[in-house]
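Structural features, examined
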Amino acid sequence: MNESTTAETETTETPEPEMRPTYAPAALAMGIMFAFWGILTHWSMSVIGGLMMVGAIWAWMHEIRNTWSETP
């Protein structure tokens, strides 16, 4: 009779930082839509969409950085 025993290791789980709701994903989607809309209509819409995308990505990353810095 061959019985194998498994050694259970105790792992300490660090709690994941809880993200607060943000409008950044919706703003990013709207910026993408404006950029593509500008291809069909006028170049200024693409510029506005590009600026919105940059601002939304910056805001989203800023939120993530702040949440991670609050984690002990």
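Residues numbered from 1 in each chain as written. Predicted model: local features only at pLDDT ≥ 70, side-chain atom pairs only at ≥ 80, totals over all residues. Heavy atoms only, no water.

In this section: helix α2 (residues 43–70). Residue pairs three or four apart in sequence face the same way in an α-helix, which turns once every 3.6 residues. The end-to-end C-alpha separation of α2 is 41 Å, in line with the 40 Å expected for 28 residues at 1.5 Å each. The inward-facing, buried residues of α2 contact α1 (24–40). (Helix = DSSP H or I, 4+ residues; strand = E, 2+ residues; numbered from the N terminus. Expected span 1.5 Å × (residues − 1). Contact = heavy atoms within 4.5 Å.)

Attention now moves to the packing of aromatic side chains. Taken as a whole and judged by the stated rule, the model has 1 aromatic pair. Plain terms: the ring middles of F34 and W37 are 5.8 Å apart, the flat faces sit at 90° to each other, and that makes the pair edge-to-face. Linking F34 with W37, this pair stays in helix α1, spanning 3 residues, or about one helical turn. (Phe/Tyr/Trp six-rings, centres within 6.5 Å; stacked < 30°, edge-to-face > 60°.)

Attention now goes to the environment of G55. Among the secondary structure elements, G55 is positioned in helix α2. We classify G55 as partly exposed; its relative accessible area is 35%. Sequence separation between G55 and L28 is 27 residues, and the spatial gap between their C-alpha atoms is 8.1 Å. (Buried < 20%, exposed > 50% of the residue type's maximum accessible area, 1.4 Å probe, protein only.)

Turning to a nonpolar patch on the surface, a few remarks are in order. Taken together, M30, I32, M33, F36, W37, I39 and L40 make up a surface patch of nonpolar side chains, about 780 Å² in accessible area. Mapping F36 onto the fold places it in helix α1. By relative accessible area, which is 55% here, F36 ends up exposed. (Patch = residues over 30% accessible without salt bridge, like charges linked within 9 Å, V, L, I, M, F, W, Y side chains within 5 Å. Areas by Shrake-Rupley, 256 points an atom, 1.4 Å probe, with all protein chains shown as cover. Salt bridge = Lys/Arg side-chain N within 4 Å of Asp/Glu carboxyl O.)

Turning our eyes to something else, we now look at the environment of W60. Structurally, W60 can be placed in helix α2. Sequence separation of W60 and Y23 is 37 residues, and the distance between their C-alpha atoms is 8.4 Å. Ignoring anything within four residues of it in the chain, the contact list for W60 reads T22, A24, P25 and L28.

Our focus in this paragraph is the packing of α1 against α2. Running from amino to carboxyl end, α1 crosses α2 at an angle of 160°, the nearest separation of the two axes being 7 Å. Between α1 and α2, the interaxial angle falls into the category roughly antiparallel. Where α1 crosses over α2, the handedness of that crossing is left-handed. Contacts between α1 and α2 involve A24, P25, A27, L28, M30, G31, I32, F34, A35, W37, G38 and I39 from the former and W43, M45, S46, I48, G49, M52, M53, A56, I57 and W60 from the latter. Partitioning the contact of α1 with α2 into residue classes produces 18 nonpolar, 4 polar and no charged. (Axes fitted to C-alpha atoms, helices over the stretch in contact; angles between N-to-C directions. Parallel < 35°, antiparallel > 145°, perpendicular 65-115°, else oblique. Left-handed = near helix turned anticlockwise from the far one by under 90°. Nonpolar A, V, L, I, M, F, W, Y, C, P; charged D, E, K, R; others polar.)

Remember, this is a structural readout, not a statement about activity or role.
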